[in-house]
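Here is what each chain is made of, one letter per residue.
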Amino acid sequence: MPSGRLKVPAPIVAVISWLVPGAGYLLLGQVARGLTIGITILLLFVAGLLIGGVHVVDPPTFIRGHNVFNALLQKPWYIGQFFSGAVGLISGWIGPSQPASHARVADIATLYTAVAGMLNLMAIIDCSYRASVAEDDGKGT
Amino acid sequence: MSGSLVNLIVAWTPFVQPIPGIWNYWPWLMVPLCAGVAIVWKSIKCHEMKRVPLEATVIFLTMIGGLVASAVGLWLLERMVVN
């Protein structure tokens, strides 16, 4: 990282990268990497919504007194979709009220959205690692 | 394109209903998914971004080749079991 660039703490980079895919890299000054990863992840997520409709993002219902883990296990694909950030949260808020798609279309659309989220999780881990390395380099010099 | 499919497309509400007619071509939907995975994976792994197009193409073709080989293998197995 060039000297003089703003040093951003790794947890903040991770949160920003989760909210907006690729934005963590932009904070670190890696514009090409951030745009490539962000646009690709968002395209995959939006393609999933187009293929199957927004109902494919269907968050589990958490009921007070019931086991949270069991609720998650009933709709495990939402774990992947959750990691796609703000777009996943908004889709999860809108989705359950929309008509559901079925069969292979719903499966493929769920796969697209969940894979987009899991790819964003990899990007979150990578850019927060890069941010922590940059912090350590800054301390060492 | 048949008239009924045209009617379906005209009546389609994006993001609410599935894309009309896409269910007939669902195996082809693996291609853009594999391309997306290859691009993001190699963008994370490559030290220099200029290496991404070549390396992502290689891993994309590897994934598609693996899927096709798996499909052919399973089809042959199914043929052997049925016959």
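Residues numbered from 1 in each chain as written. Chains lettered and ligands numbered in written order. Predicted model: local features only at pLDDT ≥ 70, side-chain atom pairs only at ≥ 80, totals over all residues. Heavy atoms only, no water.

Visitor: Looking at this structure, I do not really get the interface of chain B and chain A. What am I missing?
Guide: Frequently, the measure chosen for interface size is the accessible area that the parts lose on association. Contacts between chain B and chain A engage 24 residues on the former and 29 residues on the latter. Taken together, the two surfaces of chain B and chain A that pack against each other cover about 2300 Å², and 78% of this comes from carbon and sulfur. Our enumeration of links across chain B and chain A arrives at zero salt bridges. On the surface where chain B and chain A come into contact, there are nine residue pairs in polar contact (both at pLDDT 80 or more). (Contact = heavy atoms within 4.5 Å. Buried area = accessible area lost by both parts, 1.4 Å probe. Salt bridge = Lys/Arg side-chain N within 4 Å of Asp/Glu carboxyl O. Polar contact = N/O pair within 3.5 Å; in protein donor to acceptor, adjacent residues only side chain to side chain.)

Visitor: Quick question: what am I supposed to make of the packing of helix α3 (residues 31–52) of chain A against helix α6 (residues 86–94) of chain A here?
Guide: Packed helices, taken two at a time, are described by the angle their axes make and the gap between the axes. Residues and elements named next belong to chain A. In the contact formed by α3 and α6, the axes pass within 11 Å of each other and the chain directions differ by 15°. The angle between the axes of α3 and α6 places the two elements in the roughly parallel class. The handedness of the crossing between α3 and α6 comes out as right-handed. Residue-level contacts link Leu-42, Phe-45 and Leu-49 of α3 to Val-87, Gly-88 and Ser-91 of α6. (Axes fitted to C-alpha atoms, helices over the stretch in contact; angles between N-to-C directions. Helix = DSSP H or I, 4+ residues; strand = E, 2+ residues; numbered from the N terminus. Parallel < 35°, antiparallel > 145°, perpendicular 65-115°, else oblique. Left-handed = near helix turned anticlockwise from the far one by under 90°.)

Visitor: Explanation requested: helix α1 (residues 10–19) of chain A in the structure shown.
Guide: In an α-helix, one full turn covers 3.6 residues, which means residues spaced three or four apart are oriented alike. Along α1(A), the residues that are buried comprise Ala10(A), Val13(A), Ala14(A), Ser17(A) and Trp18(A). Down the axis of α1(A), the buried set is contained in an arc of 130°. They therefore lie on one face. (Buried < 20%, exposed > 50% of the residue type's maximum accessible area, 1.4 Å probe, protein only. Arc of directions from axis to C-beta.)

Visitor: Is there a simple way to think about the packing of aromatic side chains in this case?
Guide: Aromatic ring pairs are described here by two measures, namely the spacing of the ring centres and the angle between the planes. All names here are of chain A. In the structure shown here, the tally under the stated rule is three aromatic pairs over all chains. Both rings, one in Trp-18 and one in Phe-82, keep their centres 5.3 Å apart while their planes meet at 40°; by these two values the pair is tilted. Of this pair, Trp-18 sits in helix α1 while Phe-82 sits in helix α5 (residues 77–82), and the two are 64 residues apart along the sequence. The partly exposed category is assigned to Phe-82, whose relative accessible area is 32%. Aromatic pair Phe-82 and Phe-83: ring centres 5.6 Å apart, planes at 75°, arrangement edge-to-face. Its relative accessible area of 22% is what places Phe-83 among the partly exposed residues. Ring pairs connect the aromatic residues Trp-18, Tyr-78, Phe-82 and Phe-83, which therefore count as one cluster. (Phe/Tyr/Trp six-rings, centres within 6.5 Å; stacked < 30°, edge-to-face > 60°.)

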